[in-house]
Every structure is written in C-alpha cells, then in structure tokens.
Amino acid sequence: SDLLSDIRRLSRDSHPYLLEQVGFVRAMEALMQQSFEGMKIEYSCHIEAIESPASQQRLYRITQECIHNTLKHADATECLLVVQRVAEKVDAGGAYQYLYKDDGCGFDMRRNNGHEGVGLTSIYERVSILNGHCKITSAPGAGVSVIIII
C-alpha cells in the first residue's frame, strides 16, 4: 500500500546522520517535505536553528513520530511544524518552543485512561531527557497538537 511505502521510506530516511550532513533546519524541512510528498496533506514549517545536538536529535525523532501518527491515523489535510526560540535561558543558552499540529480526526485522550501508546510515550520520554515540558492535546474531530518547551 502507499501508506506502508511511505512509512518504510520514512524509516529508511530517518537516520540522524542527516542532521550532521545538512544541519537541523534543512533536515527538518526535508523530513516534512519527503514525508508529505505525493500525499493530500498541505504542510508548512518554520524552523529555527538549535545549537544542542541532543535537542536536535530528539526533536527530529519526535517529529518522525508525529508524522507517522498523522499518516497512519489522522486522515489530515493540513499539518504545521514550528520550532522557534522563545526566550533566553541562563543555563542552556535559550528556550525553544516546538509545535506540531495537524487537522486530522484526533482522538479522545480520556479514552486511554492515562495510558498513551508507545509513540506518545516515546515523545514524553524524549522531552523528559531534555528537561523540557510537553503537552499533547487532541479531541475527536479536532486534530492533534504537540507543544514542547525545551
């Protein structure tokens, strides 16, 4: 199926070496472009550079998971990705906000009784490693929003 081919391509093209080869901004833009190429999903992204390689890699992996969920579950027509510096932080040089949003079918977050799937759990774990904060919101018919502050 086309969806399965897209997921396989995502997996194949997902190696973090791309971050080292072309940098965070271009790697993230390429991930979005390659993921939604040929799909009926309009996407836009605004990515600012992040200095920390650990943050770059984890946000890249989080984005892969978000895209996977959009392609597999959401039946979305629009997707937005924004990574931007929002404040100065004395200890780490800057605070960044990450926003991934789609307009897909969404899901009832209460239905899981606090038990997220493996994908959502991995997002929370990656953000926790970065000492960040993550809020995932969704509702049936309302798409999904992932907001991260690191």
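Fair warning: this is a prediction, and the values are worked out from it, not measured in the lab.

Caption draft 1: Summary view of the environment of Phe107. Assignment of secondary structure puts Phe107 in the loop between β3 (95–102) and α5 (118–129). Separated by 36 residues in the primary sequence, Phe107 and Gly143 have C-alpha atoms spaced 7.5 Å apart.

Caption draft 2: Up close: the environment of Glu51. Relative to the helices and strands, Glu51 is located in the loop between β1 (42–47) and α4 (53–74). Residue classification places Glu51 among the exposed positions, given a relative accessible area of 55%. Measuring from C-alpha to C-alpha, the distance between Glu51 and Phe24 comes to 8.8 Å, with 27 residues separating the pair along the chain. Residues within four places of Glu51 in sequence aside, it is in contact with Gln56, Arg85 and Tyr96. A distance of 2.8 Å separates a polar atom in the side chain of Glu51 from a polar atom in the side chain of Tyr96.

Caption draft 3: Structural context of the nonpolar core. Leu59, Val83, Tyr98, Tyr100, Val146 and Ile148 are the most contacted members of the largest nonpolar core, which totals 32 residues. For this core, the secondary-structure elements that each account for two or more residues are α2 (17–22), α3 (24–36), α4, β2 (78–87), β3, α5 and β5 (144–149).

Caption draft 4: A look at a nonpolar patch on the surface. Together, Val86, Ile147 and Ile149 make up a nonpolar patch on the protein surface, roughly 200 Å² of accessible area in all. Note that Ile149 resides in strand β5.

What counts, and at which threshold
- Residues numbered from 1 in each chain as written.
- Predicted model: local features only at pLDDT ≥ 70, side-chain atom pairs only at ≥ 80, totals over all residues.
- Heavy atoms only, no water.
- Helix = DSSP H or I, 4+ residues; strand = E, 2+ residues; numbered from the N terminus.
- Buried < 20%, exposed > 50% of the residue type's maximum accessible area, 1.4 Å probe, protein only.
- Contact = heavy atoms within 4.5 Å.
- Polar contact = N/O pair within 3.5 Å; in protein donor to acceptor, adjacent residues only side chain to side chain.
- Core = buried A, V, L, I, M, F, W, Y, C linked by side-chain atoms within 4.5 Å.
- Patch = residues over 30% accessible without salt bridge, like charges linked within 9 Å, V, L, I, M, F, W, Y side chains within 5 Å.
- Areas by Shrake-Rupley, 256 points an atom, 1.4 Å probe, with all protein chains shown as cover.
- Salt bridge = Lys/Arg side-chain N within 4 Å of Asp/Glu carboxyl O.

Nothing here speaks to function; it is all geometry.
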